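Coordinates in review
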Amino acid sequence: MTSLLKRFVLPIVLSAVFSQASAAEPAIKLYAMDCGRAQFADLAPFADTGEYDGHPGTLMTPCFLIRHPKGDLLWEAGLGDRYAEPLGGTQLPLYRAIVDTPVAAQLAQLELSFDDIDYFAFSHGHGDHLGNANALKQATWIVNRKELEWIQSVPAPPRTNLKLIETQARAATMLIDGDHDVFGDGSVRLLKAPGHTPGHQVLLLRLPRSGQVLLTGDLYHSHENRAGKRMPVFNVSRSETLASMDRIERIVKNQRARVVIQHSMDDFNALPVFPAYLD
C-alpha cells in the first residue's frame, strides 16, 4: 500500500499543489523600452540645494510594457516618436530630445502596435512622460484625478502640454484618487506619491521570479537625489515630496523591492535589453 501511495497518489497531490501555486502567481513580464534621452546643458533645476549647478547631464526617459494575463499595460509614454528624426535629436527649450528607435518599432518586435495596448498609466503630466500618449486611442487610461485637473488648469503648469493628452477625452478613462490595484491581484499596483506634481504616482510590480520591483516615476531623478533626499526646484510641494519619499521607502523596505530609478541610465542599462524581459 505504501509503495502504491508513492507511485500514484503522491505525484497527483504534488501536481495539484504546484498547479495551485502557479495559478496564484500570474505570469507577468516587464519590458524596459528605450523611449529617448534628455540631454541637459545644466542640471541645476534638479536640486533646489545647488548640488548640480553648472553640471551637464543626460536623463533616460524610458517606457515600460507590463504583460499580464489580463492585459498589457504601458507605463509612461516617453519623449515621443516624432523626435526620432532628425538623427542626433531635437533641441527643445529645456533639453535636447534624442530618440534612437521609435516606440512603435519596438512594439512591432513583439507583434504589437499602440492599438493593442489595453491599459495606459503614467507617473505624472510632464512632457517627457507623455510623448506618445495620443497614440493610445484604444487603451483604457488610468489617471490620477488630481493630476488630470492639474494638467488641465489655466494657465498651463510649467513643463506640461495639454495637447499631449488630447486622446484622453475620447478614450476609456478610469479616474483614481489614490493607490490602485490594476489587475485586482496585487501584482501591478499604482501607489500615490505626490509632491513632484499633485497627483504623481509610482508603480510597484510583483514578478514571479524577480519579486517586487518599484518603478519610481520622478520621485527621484538619480541615486544621489534618493540618498540625499534632493528634489527639483520645480516640484510643486517640498513637504509632500518628502512625505512621499518616506512612505515609498518604507514600502520598499517592507517588500524588499528592487528600486528602478527611471531617469537613471545605469538602472535602465541594468534591466534586460529589449525585447528580453524581467519576470
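Before going into details, it helps to say that this report is about the structure given with it. Values in this document were obtained by computation on a predicted structure and should not be read as measured data.

Calculation rules
- Residues numbered from 1 in each chain as written.
- Predicted model: local features only at pLDDT ≥ 70, side-chain atom pairs only at ≥ 80, totals over all residues.
- Heavy atoms only, no water.
- Disulfide = S-S within 2.5 Å.
- Helix = DSSP H or I, 4+ residues; strand = E, 2+ residues; numbered from the N terminus.
- Buried < 20%, exposed > 50% of the residue type's maximum accessible area, 1.4 Å probe, protein only.
- Polar contact = N/O pair within 3.5 Å; in protein donor to acceptor, adjacent residues only side chain to side chain.
- Contact = heavy atoms within 4.5 Å.
- Pairing = 2+ DSSP bridges.
- Right-handed = clockwise from strand over helix to strand, strands pointing away.
- Axes fitted to C-alpha atoms, helices over the stretch in contact; angles between N-to-C directions.
- Core = buried A, V, L, I, M, F, W, Y, C linked by side-chain atoms within 4.5 Å.
- Salt bridge = Lys/Arg side-chain N within 4 Å of Asp/Glu carboxyl O.
- Phe/Tyr/Trp six-rings, centres within 6.5 Å; stacked < 30°, edge-to-face > 60°.
- Lys NZ or Arg CZ within 6 Å of the ring centre and 35° of its normal.

All chains considered together, the criterion is met by one disulfide. The disulfide that involves Cys35 links it to Cys63, with 2.0 Å between the sulfurs. Where Cys35 bonds to Cys63 through sulfur, the torsion about that S-S bond is close to -140°, and the disulfide is left-handed. Of this pair, Cys35 sits in the loop between β1 (29-33) and β2 (37-40) while Cys63 sits in strand β4 (residues 63-68), placing them 28 residues apart in sequence. Per residue, the accessibility class of Cys35 equals that of Cys63, and both read buried.

Another point: the side chain of His263. On the secondary structure map, His263 appears in the loop between β15 (258-260) and α6 (265-269). A distance of 2.5 Å separates the side chain of His263 from the backbone oxygen of Met60, its partner in a polar contact. Once residues within four sequence positions are removed from consideration, His263 is found in contact with Leu59, Met60, Thr61, Asp128, His129, Asp218 and His221.

What follows is about the pairing of strand β10 (residues 173-176). Of the pairings in the sheet, the one linking strand β9 (residues 140-144) to β10 comprises four bridges and is parallel in character. Pairing of Val143 across the sheet is with Leu175, part of β10. At this point the chain moves from β9, through helix α3 (residues 145-151), to the parallel β10, and the crossover so formed is right-handed.

A few words now on the sheet that holds β1. Each strand in a sheet pairs with its neighbour through backbone hydrogen bonds, running either in the same direction (parallel) or in the opposite one (antiparallel). Pairing in this open sheet of six strands is mixed, and the strands run β1-β4-β5-β8-β9-β10 from one edge to the other. The sheet is open, and its two edges are formed by β1 and β10, each paired on a single side. Strand after strand, the sheet turns through a mean of 20° between neighbouring axes, direction not considered.

This brings us to the nonpolar core. The biggest cluster of nonpolar side chains holds 28 residues, and the ones touching the most others in it are Met33, Leu65, Leu107, Phe120, Leu136 and Trp141. It is α3 that contributes the most residues to this core, three residues altogether. Counting 24 residues, the second-largest nonpolar core is a separate cluster that includes Ala121, Leu190, Phe268 and Leu278.

Turning our attention to the pattern of salt bridges. Enumeration according to the criterion identifies nine salt bridges in this entry. With a closest N to O distance of 2.7 Å, Asp100 and Arg37 form a salt bridge. In this pair, Asp100 is assigned in the loop between β7 (96-98) and α2 (103-108) and Arg37 in strand β2, connecting sequence segments 63 residues apart. Owing to a relative accessible area of 49%, Asp100 belongs among the partly exposed residues under this scheme. The class for Arg37 is buried, based on a relative accessible area of 17%. Note that Asp246 and Arg250 form a salt bridge whose closest N and O atoms lie 3.1 Å from each other. Of this pair, Asp246 and Arg250 both sit in helix α5 (residues 238-255), four residues apart, roughly one helical turn. Given the relative accessible area of 35%, Asp246 is considered partly exposed. For Arg250, a relative accessible area of 55% translates into the label exposed.

Here the focus is the packing of aromatic side chains. In total, this model carries nine aromatic pairs according to the counting rule given. It is Arg159 that lies over the ring of Phe234; its NZ or CZ is 3.6 Å from the centre.

Geometry only, nothing functional implied.
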